Amino acid sequence: AQSVSQHNHHVILSEAASLELGCNYSYGGTVNLFWYVQYPGQHLQLLLKYFSGDPLVKGIKGFEAEFIKSKFSFNLRKPSVQWSDTAEYFCAVILGSYIPTFGRGTSLIVHP
Amino acid sequence: GAGVSQSPRYKVAKRGQDVALRCDPISGHVSLFWYQQALGQGPEFLTYFQNEAQLDKSGLPSDRFFAERPEGSVSTLKIQRTQQEDSAVYLCASSPRDSLNTEAFFGQGTRLTVV
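The structure presented is a predicted model; accordingly, all values stated were derived computationally and were not measured.

Draft legend 1. A look at the state of the cysteines. All names here are of chain A. Here the structure, examined in full by the defined rule, presents two disulfides over all chains. Shown here is the disulfide that connects Cys-23 with Cys-91, its sulfur atoms set 1.9 Å apart. Handedness of the Cys-23-Cys-91 disulfide follows from its S-S torsion of about -65 degrees: it is left-handed. Remark: Cys-91 occurs in strand 10 (residues 87-94) and Cys-23 occurs in the loop between strand 3 (19-21) and strand 4 (24-25); sequence separation between them is 68 residues. With relative accessibility at 0%, the residue Cys-23 sits in the buried group.

Draft legend 2. Region of the structure containing the sheet that holds strand 3 (residues 19-24) of chain B. Residue and element names in this part refer to chain B. Spatially, four strands are ordered 1-3-8-7 in an open sheet, and the strand pairing comes out antiparallel. Of all strands in the sheet, those with a lone pairing partner are strand 1 (5-7) and strand 7 (65-68), marking the two edges. When the angles between neighbouring strand axes are averaged without regard to direction, this sheet yields 15 degrees. Two elements, strand 3 and strand 8 (residues 75-79), share five bridges in a ladder whose sense is antiparallel. Its bridge partner being in strand 8, Arg-22 is matched across the sheet by Thr-76.

Draft legend 3. Local environment of the nonpolar core. Grouped together as the largest cluster of nonpolar side chains are 29 residues, with contacts concentrated most on A:Trp35, A:Leu48, A:Leu76 and A:Tyr89. Elements with a contribution of two residues or more to this core: strand 2 (10-14), strand 3, strand 5 (32-38), strand 6 (45-50), strand 8 (64-68), strand 9 (73-78), strand 10 and strand 12 (106-111) of chain A. The element contributing the most residues to this core is strand 10 of chain A, with four residues. In contact with A:Leu76, not counting residues within four places along its chain, are A:Leu19, A:Glu20, A:Leu21, A:Trp35, A:Leu47, A:Leu48, A:Phe63, A:Glu64, A:Ala65 and A:Tyr89. Within the second largest apolar cluster, 20 residues are counted, among which are B:Ala13, B:Leu46, B:Ile79 and B:Cys92.

Calculation criteria
Residues numbered from 1 in each chain as written. Chains lettered and ligands numbered in written order. Predicted model: local features only at pLDDT ≥ 70, side-chain atom pairs only at ≥ 80, totals over all residues. Heavy atoms only, no water. Disulfide = S-S within 2.5 Å. Helix = DSSP H or I, 4+ residues; strand = E, 2+ residues; numbered from the N terminus. Buried < 20%, exposed > 50% of the residue type's maximum accessible area, 1.4 Å probe, protein only. Pairing = 2+ DSSP bridges. Axes fitted to C-alpha atoms, helices over the stretch in contact; angles between N-to-C directions. Core = buried A, V, L, I, M, F, W, Y, C linked by side-chain atoms within 4.5 Å. Contact = heavy atoms within 4.5 Å.

Put into structure tokens, the structure is as follows:
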């Protein structure tokens, strides 16, 4: 069975700090990868996605992620976080079943 | 509406009561998913529809859980004889195609509290 691991469950940063959230998955075949964000009181929204092509993917709000096939990883990065980035971040994977599988999430708090 | 709509937003049920949670997907979306999200956890898959066909219900935790999408649009998740461990946020998502290369769009969820 596929699984998705997010290593950091709680991250606290100051504004302007750099962010990297880890995501690893357990399947070795073709994958589609996603990062979703959930702001307080809002629904899950797509940050970025990788289907094929350039392994460095740029998303909304200055976020990017890099797919490293040899490491089964899809880490999320942002060079300089803002207070408004405070949210829950979820990595998700789709394999042949068409069903997205989610990691347990990372809670990010950014202090102004 | 433009997005996935779920109702009610909040539901408090007494243990043993039956509940029904509704999902209105984005119009025309083929795929529909239900997830259960416990506090501090990621969404856990419950069931998947492609149009009106329930193609995967492997995530339903017990036979008290039942989902349907009779006309391929609106879906209902029903929980019979609710238990305290059913307390969670139930998320519905839809996507436009039944392929790998598509994202899911989520509703705001229904927070179920069983007392």
